[in-house]
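Structure assessment
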Amino acid sequence: MRILICEDSVLLREGLVRLLAHAGHETVSALPDATTLSEEVARTDPELCILDVRLPPTFSDEGIRAALALRRGRPQLPILVLSQYVEERYASDLIAAAGGAFGYLLKDRVADVSEFVDSLERIARGASVLDPEVVSQLLTRRSQDDRMRTLTDRERTVLAALAEGKSNQAIAALLFLSEASVEKHITAIFQKLGLVNDETGNRRVLATLAHIGNSGGQEPYRPSAQQPAPQDRTQSGAER
């Protein structure tokens, strides 16, 4: 797989290049910021892009703005966004944006190399993969919704696994259930949440998370170059 990386931390950027090479993938470009991202995407025609949420010069939302621009210009290009912390508004904005497969993971996940590479490859195949911490926050925030209250504990567990991009087979193995039981739980979840159930895993994840993420009463995220950088940011990109 041909991959483009946009990450300002030299250590993480070079680490990703080596990690991907070891896994049999090619890094076609490794950028420290998003200044020339669109040109490099056009030049190298990658099969997947990895972007840091916070990039120079302000280290606020450059990465997420670049990701959203890519989804508008090349909607079928799979994108993985990396973040040091859970920033739910960014995940919600990517969920709501039209486009192909995407992922939103915490940088800590890179430490588990096999799982990280598996996530990359699933995204490249069309899956949507969200960090469990993001999923947990979305589910917790919507826990008081009347429809969410109708879900059983088992259904909430299945919903969380769905939102993380797990297949029916993976959910069945995780929860020691048959695939038929998982399918019944999923059907019940979609009925209770008022969503149309389809057989396309990617779309059902997006539909589920769009419902959860966009019904929380928060203001939608509006990318702005004027957002101030976090006060506690250190000078090292690896510490974000």
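Conventions adopted
Residues numbered from 1 in each chain as written. Predicted model: local features only at pLDDT ≥ 70, side-chain atom pairs only at ≥ 80, totals over all residues. Heavy atoms only, no water. Helix = DSSP H or I, 4+ residues; strand = E, 2+ residues; numbered from the N terminus. Buried < 20%, exposed > 50% of the residue type's maximum accessible area, 1.4 Å probe, protein only. Contact = heavy atoms within 4.5 Å. Areas by Shrake-Rupley, 256 points an atom, 1.4 Å probe, with all protein chains shown as cover. Axes fitted to C-alpha atoms, helices over the stretch in contact; angles between N-to-C directions. Parallel < 35°, antiparallel > 145°, perpendicular 65-115°, else oblique. Nonpolar A, V, L, I, M, F, W, Y, C, P; charged D, E, K, R; others polar. Expected span 1.5 Å × (residues − 1). Salt bridge = Lys/Arg side-chain N within 4 Å of Asp/Glu carboxyl O. UniProt positions renumbered as here; feature names shortened; annotations may be inferred. pLDDT = per-residue confidence, 0-100. Pairing = 2+ DSSP bridges. Right-handed = clockwise from strand over helix to strand, strands pointing away.

1. Some details on the overall build of the chain
From N to C terminus, the chain includes 11 helices and 6 strands. Each of the 240 residues in the chain was classed as buried or not, and the buried ones make up 49%. Sequence-distant contacts in the chain: of pairs separated by 6 or more residues, those separated by 24 or more amount to 68%. A total of about 11,400 Å² of accessible surface is found on the chain, and carbon and sulfur atoms cover 50% of it.

2. Quick look at the packing of helix α8 (residues 153–163) against helix α10 (residues 179–193)
One way to put it is that α8 packs onto α10 with a least axis distance of 10 Å and a crossing angle of 95°. The orientation of α8 with respect to α10, classified from their angle, is roughly perpendicular. From α8, Arg154, Glu155, Val158, Leu159 and Leu162 reach across to α10, where they touch His185, Ile186, Ala188, Ile189, Phe190, Lys192 and Leu193. Within the contact of α8 with α10, the residues separate by chemical class into 8 nonpolar, 1 polar and 3 charged.

3. Side note on α10
The terminal C-alpha atoms of α10 lie 21 Å apart, and with 15 residues this matches the ideal 21 Å at 1.5 Å per residue to within 8%. For α10, the set of buried residues is Val182, Ile186, Ala188, Ile189, Phe190 and Leu193. Directly after α10, the chain includes Gly194, whose backbone phi takes a positive value near 70°.

4. Description of the pattern of salt bridges
Under the counting rule described, the total for this entry stands at 9 salt bridges. The structure contains a network of salt bridges with shared partners spanning Glu7, Asp52 and Lys107.

5. Comments concerning the UniProt feature "modified residue: 4-aspartylphosphate" (unreviewed entry) in the chain
The sites that UniProt annotates as "modified residue: 4-aspartylphosphate" (unreviewed entry) are Asp52. Accessibility expressed as a relative area gives 2% for Asp52, which makes it buried.

6. Remarks on the confidence of the model for the chain
Mean pLDDT over the chain works out to 80, with 78% of the residues at or above the 70 mark. Across the chain, strand β1 (residues 2–6) holds the top mean pLDDT of 98, while helix α11 (residues 201–213) sits lowest at 57. Across residues 216–240 the pLDDT falls below 50, and counting only partners more than four positions away or on other chains, this stretch makes 50 contacts in the model.

7. With respect to the pairing of strand β3 (residues 48–52)
Buried residues dominate β3, accounting for 5 of its 5 residues. The side-chain alternation of β3 yields two buried faces, one formed by Leu48, Ile50 and Asp52 and the other by Cys49 and Leu51. Where β1 lies against β3, 4 bridges are found, and the strand directions are parallel. Across the sheet, the residue bridging to Cys6 is Leu51, located in β3. For β3 and strand β4 (residues 79–83), the ladder comprises 4 bridges, and the chain directions are parallel. The residue bridging Asp52 from the neighbouring strand is Leu82, located in β4. The parallel pair β3 and β4 is bridged by helix α3 (residues 62–73), and the resulting crossover is right-handed.

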